[in-house]
Each structure stands twice: as C-alpha cells, then as structure tokens.
Amino acid sequence: MSSVDLSTLFEHLPIGAYRIAPNGSIWHVNAALLRLNGYASENEMRRDVGEVVPNPYAIPARRQEFLELLYSRGSITNFESEMVRYKSGEHWWAREHAHTVRDEDGNLLYYEGTIEDITSERAAQFRLDQRESLLYNVLQTIPDHVWLKDTSGVYVTCNEAFAERLKIQPAALIGTRDADWVGEEIAQQFLTTDQLVMRTGTSVTFEEGYESTINPKGELHEVVKTPMRDGLGNIIGVLGMARSIQQRKDAEALLRDTTEQLELAIMGADLGRWNHDLTHEKGYFLDERACKMLGRDPRESEKGRAWGHLIHPDDLTATLQAMRAHLSGHADAYEVDYRARHTDGHWIWLSSRGKVVQFDREGNPQRMVGTLMDISGRKQAEAELRATQSELQATLNALPDQLFELSADGRYRAVHSREEEDTLYASKFILNKVVTEVLPKDAAEAFLSALNEAQAKGRSTGHQYRLDLAPGKQWFELTVVRKPTEPGEEERFIAIARDITERKITEEAIQHLAFHDSLTGLPNRRLFNDRLHSALIASHRQQQHGALMFLDLDKFKQLNDTHGHDIGDLMLQEVSRRLLQNIRAVDTVARLGGDEFVVLVQALSADEIDARMHASTVGHKILASMNEPYWLNGRQHTTTPSIGIALFSGEVAPPNEILKQADIAMYHAKALGRNTLCFYDPDMPITHSKPA
Ligand SMILES: Nc1nc2c(ncn2[C@@H]2O[C@H](COP(=O)(O)OP(=O)(O)OP(=O)(O)O)[C@@H](O)[C@H]2O)c(=O)[nH]1
C-alpha cells in the first residue's frame, strides 16, 4: 500500500487517530479525533490547544500511566479512561490503542494510536450490568425454584430457593446431575422434558408432582422449561423454573366443591338466578330457571334485559325501596317479595334475594347477583290459612266462652278472649305464665285439678271457679281436653271456660228462697231448725247456756185490718231490721211465719243465772227497740211484741222441745198483758190460745 493510500486511510478512519512527537507536539490528528474534541479542522485545534497536546484525561494521573505502559511495552491496547473534550470540557469515555515508532537505533521517533468513543457502549454495559444484577437478585429472592442445566444435563447454576430445598449451598449443585439428587427413575422423567425443550427450541409448561428429595411431600408444581441460547442462537442448556401450585389447586378444588354444592342447593331449591350489571342500562340477566319461572324463553338468559315493568305496580315501591336500601348500604342484602307478570298474563309471587358483589374504586356498586324463588304456592297457602284463621276467629268470637291452650304444667300457650279489652285474660298479660300466677288460689287450684284430670283421662268437665271481676262476681265452669299433637310436640290442652254466673245466681236464689223468708230475707223455719240444732250441739260441747226467744207481735191483725196488708208487710220488714240491730253476728233471727219471729242467742254464759241475766238484757233491749214508733208510708204506727224465753245448756234436748218451751213462755207473756217478756218455767201451763 502506498503512503498516499495509508494517509487517506488514516484520515478516514471511523475512530480517532493521531501521531505525536516524543515531546508531545501534534504531528497529525485525523478528522474523527478532531470531531471527538469538538474541532472542524486541525488548524482550529492547534489554535485552541497549541502545538503540544494538553492532558486529555479526566483523572490527570492516567496520562502518566498511559505513557509508562506505552514506553515500557512499546504498545498498549484497550486502555479505557474518562476523557475531557478539549473544546467543550465535556467528559466522555475512550478506548485507546497505541504503539511507539523507533528508528533503527532504537530512538523514539513518535508514537501513534487510535481513540474510540465508548461512552454509549459503557452506558449500555452499565445498564446491562444493572439488569443482570437485578435479575440475579430477583432469582435469589423469588420463592420459585430456578436452575440452569447445560445440554448434557449438568447443573450450571440455581437460585437459593432451589438449593435450600436440597439443603445445600447453590455452589454445591454446580456440576451435579439430577440422578445425584432424585435417583435414576425420576431423573429420566426430568430428562425427557429437558430433551423436549432442546428438540423443539420452545418453552414448555407442565404440572409435576414427583415425590423426591426436591419435593418431599410430592406437592404439585407448575414447571416452565425454556431453552437457553448463546449469542449465535445455539441452544446451550435448559432454564427451569418450578412453583408450588398445591395451595392453588386445593383452593380451586374447594371452590369447585363449594360452587357445585351451591349449584346443587340452587337446583334443589328450584331457585332462579339473576345478575344485575349496574354499569349498563340493560344489564339485567336472568338464568334459564328464572326465565322459565316467568314463562319466558330460556334463550333470553343470554341477553341482558330490563324486566322491572313485569313487577306488579302495587309492589314496585317496596321493591325499589329495598333495592335503594341495599345499594346505599342501609341494608346488608336486598330482600323483597313481589308479584311479577308471567307471560301467560297471570301474576306469580317471587321472593328475590341479592347482594352487591362488585364495587368500583370509589366504592360504587357495579354488579349484583341474587336468586329468585317462586313462592306463589306459599302465598296461596298463606292466603288460605288466613281465610281459615279468620273463619275460626269469627267462630271463636261468636262463642261466649273463653278458650285457652295450656301446657301440662298449667302454662298459658295461647289465649282466645272474646272481650278485646279483657284485661285479665289478654294474651299480652298471661301468655307463658302459669295459672297460679294469673288466677286467685282457689280458681287456680280448680284449673289445675281440671288439667290433671284431663291429663289422666283425656277430658275433664265440671270444675268450677269464681272470680271477683270488675262487674262483680263471675262463675266459670271448665271443660278441658287433650289437644292432638304430632310426635315430639309438647303436650297441650284446650281449656274452655264458660261463664255460668247467671246459672249460679239462679241456683243461689233458689237456694236462698228455700231457706229464707221472702218478705224479710230472714232465715225461715227450715234454716232456723238447722241453726237451733247446731246451737244445741255447740252449747252441749262448750257447756255454755244459750237462749231462744220466741217473739209474737201484739195485735198485729188489727194493724193489717186497719191499714192494710201492705203496711203490715212493711211493719214486719222493719221489725226484722230492728231485731237484727239488737243481736250479735253470731246470733240468729228467723221468721217462723205470720208475725212470729225467733231470736237464737248463743254462748251467753256457763253460769245459768248469769245467762238468764244476759238473756233478759237482750230481751229488754229488743222490747225497747220494738216500742219505738214506726214510720210506714209516711205515717206513724206502733207495735209491741210478747217475748217468751227458753234457756238451754249442756243437756241434750230436741230442738222442738226448746221451741215449744219458748212458745209457752211467749203465751205466758201475752197472758201477762203483752209487750213483756217471760222466761220459761216448767210449771207454766201449756196453752195454745192467745188471750184477747
Ligand atoms: N201483713 C201481713 N200479715 C200477716 C202475714 N202473715 C200473717 N199475717 C197476719 O197476722 C195476723 C196474726 O194475728 P195473730 O197473731 O193471730 O193475732 P194478733 O192480732 O197478733 O193478736 P195477738 O197475737 O193475740 O196479740 C193475722 O191477721 C194474719 O193474717 C203477712 O205475711 N203479712
């Protein structure tokens, strides 16, 4: 090559080139080097930097280092340094090659070299280094197992997670083979996939769960094997990565199970499903079963279709309210029953339950899912039940009786009280209370005996009890029967309490009439005989004297005849009243008939004389009281009595005898001129005709 050729080549080299004298003055620099230093021509550079090149290194000591190497070796290659551009002072990176040129005697003539701008190459290298270190860190940090094997199946490297599984340091794996760790058989399996990757040159992903040293529990792993290539694209090994997917698989299996169970439950309950996309206008999806409920074409399940218009107008407000309550977060779920129009035109009852399952980042509901249940049958049954109940209620209301349902221990379980305002039997007061807490003792006992009897015999009738209620005394008669119950149900009894007050009043009146005088209300002769009989027994037992006073009004016939029978009656009533006023509660006044009264005074004294004195006092008190004027029908009248007194004591005498004695004594009093009293004396003559 000629020197011209060489000079042209030098000038047009793509990298900087120079030739410098031993004293450092520039002999020649090419265009590329001028550009590197920011100059357009050699002259411009010479003008700027002078004849001798200044130190171009960012670290000045590098120049000395460069020259020492150059001079000692005669040449220098790949000398990399940070440089400063002469013109701009900007920093850049250079790679230098240089050599010295000497004459035949070995004297240095000059040195020459090339300077290559490697700033971007270094930046790229730096980024590459960073990426590599990042990759290395990632590989070491991830829990997945990562390894690299060469084409003959020898481990080249692995991450810590993989080494840890083998309980070794990563370095200990290098140079080993699968067979060293997992045995020949499994190693063969690994090799098969490695070979597949190398043969096809593509990544393979598969699931693997061999039980081995690497995987002691035989957990399922997802393995990705990728071919590794050199810069020329030749496959140099296989990179493997394994990740345990056992938990995910378990969760998937559980979810599958749960989903299947849910699906079965939905099928079993014959539920339809809906899916409401709240982000679109027509995102109302019904599944096939829901479509069928409404009589719609099951193919509609694929199209989102608004169906709010199918809801009965009367139910629309409640439905919208329930939806708003849930969407605004006031209700946990959307729950509502409403009627919807079937395609046939009739109404069906649906029970709809749902929930928002998806929200956007701002918390706005995005999607709701829910179920639909056809409850028409239930609603029909409810309506029928209501009708039956109201019929039953009407029947019960028509009954005059009170009806209770009780458990065997006398606890009220249900109450039907005819009177709405019945404060004693209102459900709110007595439900779940026992009868002893509600009723007075006697009444509660009657109730419990009736209950016991019904428990023993299945039925009880006739137990009666009395209550003192606001309107007065009321009598009730109980009928209790055992209620038919299902096996396992609590034993229950139905008790009907019938108000028998009127019957009781009538019975009591009849009873009263039988033993009392209708004009004065005083005990009559029958009752008096009983009382006298009892008094005689008591007197005998207590050894106490008593007295029987026989009292006959004087000239009563005359009053009747003169003023009429009515005045006579009034007189008899007033006499009764005065007699009652003059005796103790334990004593008895009775009317034997006509104008004849008896007064039975008991327990006067154990001593006869004393008793006689007491009896006399009572007799005179009665006499005095009777002698008071009588105002009957606005006119004053008078009357007097004749009183015969018979004392009795421990001796057992028949009642007739005592009455007879008092009667005799009374006749004696008449004979003495009336308006007086006489004690019986056995010597008294027995007479039956009154003196005139
Ligand atoms: N007003 C009225 N008079 C009666 C009733 N029962 C009897 N009497 C009358 O009572 C009178 C009884 O008379 P007596 O006791 O026999 O004779 P008396 O006129 O009272 O004369 P003495 O007894 O001898 O003083 C008769 O005239 C009867 O008719 C009655 O319920 N009401």
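Residues numbered from 1 in each chain as written. Predicted model: local features only at pLDDT ≥ 70, side-chain atom pairs only at ≥ 80, totals over all residues. Heavy atoms only, no water.

- If you check an unreviewed UniProt entry, the chain appears there as Sensor domain-containing diguanylate cyclase from Rhodoferax aquaticus.

### Section: helix α4 (residues 61-73)
Phase 1 of the analysis: Given a rise of 1.5 Å per residue, 13 residues ought to cover 18 Å, and the 19 Å separating the end C-alpha atoms of α4 matches this to within 8%.
Phase 2 of the analysis: Where α4 is concerned, the buried positions are Arg62, Phe66, Leu67 and Leu70. Buried residues of α4, viewed axially, fall in a sector of 130 degrees; they line one side. Facing away from the buried side of α4, by more than 90 degrees, are the exposed residues Ala61 and Ser72.
Phase 3 of the analysis: Buried positions along α4 lie against β1 (16-20), β3 (75-84), β4 (91-102) and β5 (108-117). (Helix = DSSP H or I, 4+ residues; strand = E, 2+ residues; numbered from the N terminus. Expected span 1.5 Å × (residues − 1). Buried < 20%, exposed > 50% of the residue type's maximum accessible area, 1.4 Å probe, protein only. Arc of directions from axis to C-beta. Contact = heavy atoms within 4.5 Å.)

### A look at helix α11 (residues 313-327)
Phase 1 of the analysis: Over its 15 residues, α11 runs 21 Å from end to end, which matches the ideal 21 Å to within 8%, given 1.5 Å per residue.
Phase 2 of the analysis: As for α11, its buried residues are in contact with β11 (272-277), β13 (334-341), β14 (347-359) and β15 (365-374).
Phase 3 of the analysis: At the C-terminal side of α11, Gly329 shows a positive phi close to 90 degrees.

### Considering the environment of Gln544
Phase 1 of the analysis: Mapped onto the fold, Gln544 is located in the loop between α17 (525-542) and β21 (545-553).
Phase 2 of the analysis: By relative accessible area, Gln544 is classed as partly exposed at 22%.
Phase 3 of the analysis: For Gln544, the contacting residues outside a window of four places in its chain are Ser539, Ala603, Leu604, Ser605, Ala606, Phe648 and Ser649.
Phase 4 of the analysis: One polar contact links the side chain of Gln544 to the main-chain amide nitrogen of Ser605, over a distance of 3.4 Å. (Polar contact = N/O pair within 3.5 Å; in protein donor to acceptor, adjacent residues only side chain to side chain.)

### Describing the pairing of strand β2 (residues 26-29)
Phase 1 of the analysis: Here 3 bridges tie β1 to β2, and the two strands are oriented antiparallel to one another. The residue bridging Arg19 from the neighbouring strand is His28, located in β2. (Pairing = 2+ DSSP bridges.)

### Let's talk about the nonpolar core
Phase 1 of the analysis: Judged by nonpolar contacts, the single largest core of 31 residues is most densely connected at Leu579 and Ile622.
Phase 2 of the analysis: Of all elements in the fold, only β21, α18 (556-563), α19 (565-581), β23 (596-605), α20 (608-627), β24 (630-632), β26 (641-648) and β27 (677-679) reach the threshold of two or more residues within this core.
Phase 3 of the analysis: At 6 residues, the largest contribution of residues to this core is made by α20.
Phase 4 of the analysis: In this structure, Leu33, Val49, Met83 and Ile115 belong to the second largest nonpolar core, which totals 24 residues. (Core = buried A, V, L, I, M, F, W, Y, C linked by side-chain atoms within 4.5 Å.)

### Some thoughts on the pattern of salt bridges
Phase 1 of the analysis: By the definition in use, this model includes 41 salt bridges.
Phase 2 of the analysis: Two residues, Arg466 and Asp468, come together in a salt bridge whose shortest N-O distance is 4.0 Å.
Phase 3 of the analysis: Residue classification places Arg466 among the partly exposed positions, given a relative accessible area of 37%.
Phase 4 of the analysis: With a relative accessible area of 57%, Asp468 lands in the exposed category.
Phase 5 of the analysis: Taking the shortest distance from any N to any O, the salt bridge between Glu490 and Arg492 comes out at 2.7 Å.
Phase 6 of the analysis: Classification of Glu490 as partly exposed rests on a relative accessible area of 35%. (Salt bridge = Lys/Arg side-chain N within 4 Å of Asp/Glu carboxyl O.)

### Some points on the sheet that holds strand β17 (residues 412-416)
Phase 1 of the analysis: Spatial ordering of the open sheet is given by β17-β16-β20-β19-β18, a layout of 5 strands whose pairing is antiparallel. Each edge of the open sheet carries a strand with a single partner, namely β17 and β18 (459-469). Strand-to-strand twist across the sheet, computed as the mean angle between neighbouring axes with direction ignored, equals 25 degrees.
Phase 2 of the analysis: Running at roughly 170 degrees to β18, helix α15 (residues 441-457) makes contact with β16 (402-407), β17, β18, β19 (472-482) and β20 (492-499) of the sheet.
Phase 3 of the analysis: Along the sheet, helix α16 (residues 501-515) makes contact with β18, β19 and β20, crossing β19 at roughly 120 degrees. (Axes fitted to C-alpha atoms, helices over the stretch in contact; angles between N-to-C directions.)

### Notes on the environment of Leu600
Phase 1 of the analysis: In this fold, Leu600 is placed in strand β23.
Phase 2 of the analysis: In the structure, Leu600 is positioned 45 residues away from Ile645 in sequence and 9.8 Å away in space, judged by C-alpha atoms.
Phase 3 of the analysis: If we skip the residues at most four places from it in the chain, Leu600 touches Phe528, Arg531, Leu532, Ala535, Ala547, Leu548, Asp587, Thr588 and Phe648.

### Quick notes on the packing of α18 against α19
Relative orientation and spacing of two packed helices are given, respectively, by the angle between their axes and the distance between those axes.
Phase 1 of the analysis: Direction vectors running N to C along α18 and α19 enclose 135 degrees, while the axes themselves pass 6 Å from each other. With respect to their mutual orientation, α18 and α19 come out oblique. The residues of α19 that touch α18, namely those facing Phe556, Leu559, Asn560 and His563, are His565, Ile567, Gly568, Met571 and Leu572.
Phase 2 of the analysis: For the contact of α18 with α19, a count of residues per class yields 5 nonpolar, 4 polar and no charged. (Parallel < 35°, antiparallel > 145°, perpendicular 65-115°, else oblique. Nonpolar A, V, L, I, M, F, W, Y, C, P; charged D, E, K, R; others polar.)

### Notes on the pairing of β5
Remark: a regular strand shows side chains that alternate across the two faces of the sheet.
Phase 1 of the analysis: Of the pairings in the sheet, the one linking β1 to β5 comprises 5 bridges and is antiparallel in character. Bridge pairing in β5 places Ala17 opposite Thr114.
Phase 2 of the analysis: Pairing between β4 and β5: 9 bridges, direction antiparallel. Its bridge partner being in β5, Ala94 is matched across the sheet by Asp117.
Phase 3 of the analysis: Hairpin connection between β4 and β5: a loop of 5 residues separates the two successive antiparallel strands, and Gly106 in this loop has a positive phi of roughly 90 degrees.

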